[in-house]
Amino acid sequence: MTQTEDIIDEGAEHKTWKGKLWGVIKVILIIAVTGGLLYYVFSKVPFAKIKYRLIHADRAWLAAAIACYIGSMLFSSWRLLSYFKSIGLRLDWRFNLRLYFLGLCYNVLLPGGIGGDGYKIYLLHKRYHLPTKKVFWAILFDRLSGFWAIGAIVVGLVILIPSFPYHLAWPLGIVSVGSVIYYAVARKFFKEYTHNFIQAHLKAIGVQSMQLLAIVCLLLAQDFNGKFAPYLLSFLFSSLAAIIPFSLGGGGIRDALFLTLARQFNLAEDMAVYLSFGFYLISIIVALLGVYYVLAPKRLEASLKKGEEPKLENHPIEE
């Protein structure tokens, strides 16, 4: 077996019965929450309407939406690589990309078990003898950069909404002051993780921008000719809620919030749910690409040829 397979087997062996029980309970809760929220959404907007939009959507624009989402995942993998470099772990970019897609797959297949982030933390700890805490913080800061990017883009979109009830100085001030405080705290208490701070956050902007382009493509697939900004803003807000772990890939939570925001912005409810549910389906399809590495784990490390093992540096330097 490969070292990766050994790590997976070892993890399964050391999981306590309490851990296994909680894993089962968590899966049941996640399925219940996801199913319940989707039931609520489709009780307000008949699924037949969403199905009709999906079936009659322009195939070329749907393909473009999938391509944009894959592009966002490439940016996201690249962003995570920046944080790994910050802690002195220089992974081969191909290995990192494969590990990222495998993690996406685990988030779909094992929502209540080890999960994608948990798997990456465990594998990197066991394989490269990195402290679990260090890998955990690298992944957490990767997520935080995503939060920051959403906030920054929201401010940009607010400018395009004439009916926004507050002066633009307020959102601009909040994101500016928040960014300064965010960086200051990170620099003061987590200096190691700020070595590639600017590069990582620019990549985070790239992640969210590609996902917004995916939403634009989904809109254009419906011959949409209205205002994009309200739909994009609603999508970003719903994306924040979708990060909550008690949902299968954000399903249900994103749809319910998108529907609520559609009513606030006077948007077409069936279009809003079509966007959120269509995006959810795309995320599931792309995540399932990682099944290849579940079935053929040896391919995960195929790029790690002799003499190309990752380097662990005691003093990471800035790119």
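Values in this document were obtained by computation on a predicted structure and should not be read as measured data. (Residues numbered from 1 in each chain as written. Predicted model: local features only at pLDDT ≥ 70, side-chain atom pairs only at ≥ 80, totals over all residues. Heavy atoms only, no water.)

## Focus on the overall build of the protein
Rule in force here: Secondary structure elements follow DSSP: runs of H or I of four or more residues count as helices, runs of E of two or more count as strands, with numbering from the N terminus. Three exposure classes are used, based on accessible area relative to the maximum for each residue type with a 1.4 Å probe and protein chains only: buried under 20%, partly exposed in between, and exposed over 50%. In what follows, a contact means two residues having at least one pair of non-hydrogen atoms within 4.5 Å. Using a 1.4 Å probe, the Shrake-Rupley method yields the accessible areas, and only the shown protein chains count as cover for residues.
Along its length, the protein carries 13 helices and two strands. Counting every position in the protein, which comprises 319 residues, the buried fraction comes to 48%. At a minimum sequence separation of 6, the contacts of the protein that also span at least 24 residues come to 78%. Working note: accessible area of the protein is about 16,000 Å², and carbon and sulfur atoms make up 67% of it.

## Describing the environment of Val 41
One can find Val 41 in helix H2 (residues 17-44). A C-alpha to C-alpha distance of 9.6 Å links Val 41 and Thr 260, two positions 219 residues apart in sequence. Setting aside its immediate chain neighbours within four residues, Val 41 contacts Gly 252, Asp 255, Ala 256, Leu 259 and Val 273.

## A few points about the packing of aromatic side chains
Put simply, the rule reads: Two aromatic rings, drawn from Phe, Tyr or Trp (for Trp, its six-membered ring), form a pair once their centres lie within 6.5 Å of each other, and the interplanar angle then sorts them: stacked below 30 degrees, edge-to-face above 60, tilted otherwise.
The final tally for this structure, using the stated rule, is 18 aromatic pairs. A centroid spacing of 4.8 Å and a plane angle of 70° characterise the contact between Phe 235 and Phe 279, whose relative ring orientation is edge-to-face. Here Phe 235, found in helix H10 (residues 229-242), pairs with Phe 279, found in helix H12 (residues 269-287); they are 44 residues apart in sequence, far enough to count as distant. Residue classification places Phe 235 among the buried positions, given a relative accessible area of 0%. Of the aromatic side chains, those joined through ring pairs into one cluster are Phe 136, Trp 137, Phe 141, Phe 190 and Tyr 193.

## Remarks on the UniProt feature "transmembrane region" (unreviewed entry) in the protein
For clarity, the cut-off: UniProt positions are given in the numbering used here, feature names are shortened, and annotations may be inferred rather than shown by experiment.
Under the UniProt annotation, the feature "transmembrane region" (unreviewed entry) is placed at residues 21-41, 61-80, 100-123, 135-161, 167-185, 205-222, 228-250 and 271-295. Annotated as residues 167-185, this span is 89% helix and 0% strand, and its ends, taken at the C-alpha atoms, are 28 Å apart. Helix makes up 89% of residues 205-222 and strand 0%, with an end-to-end C-alpha separation of 26 Å.

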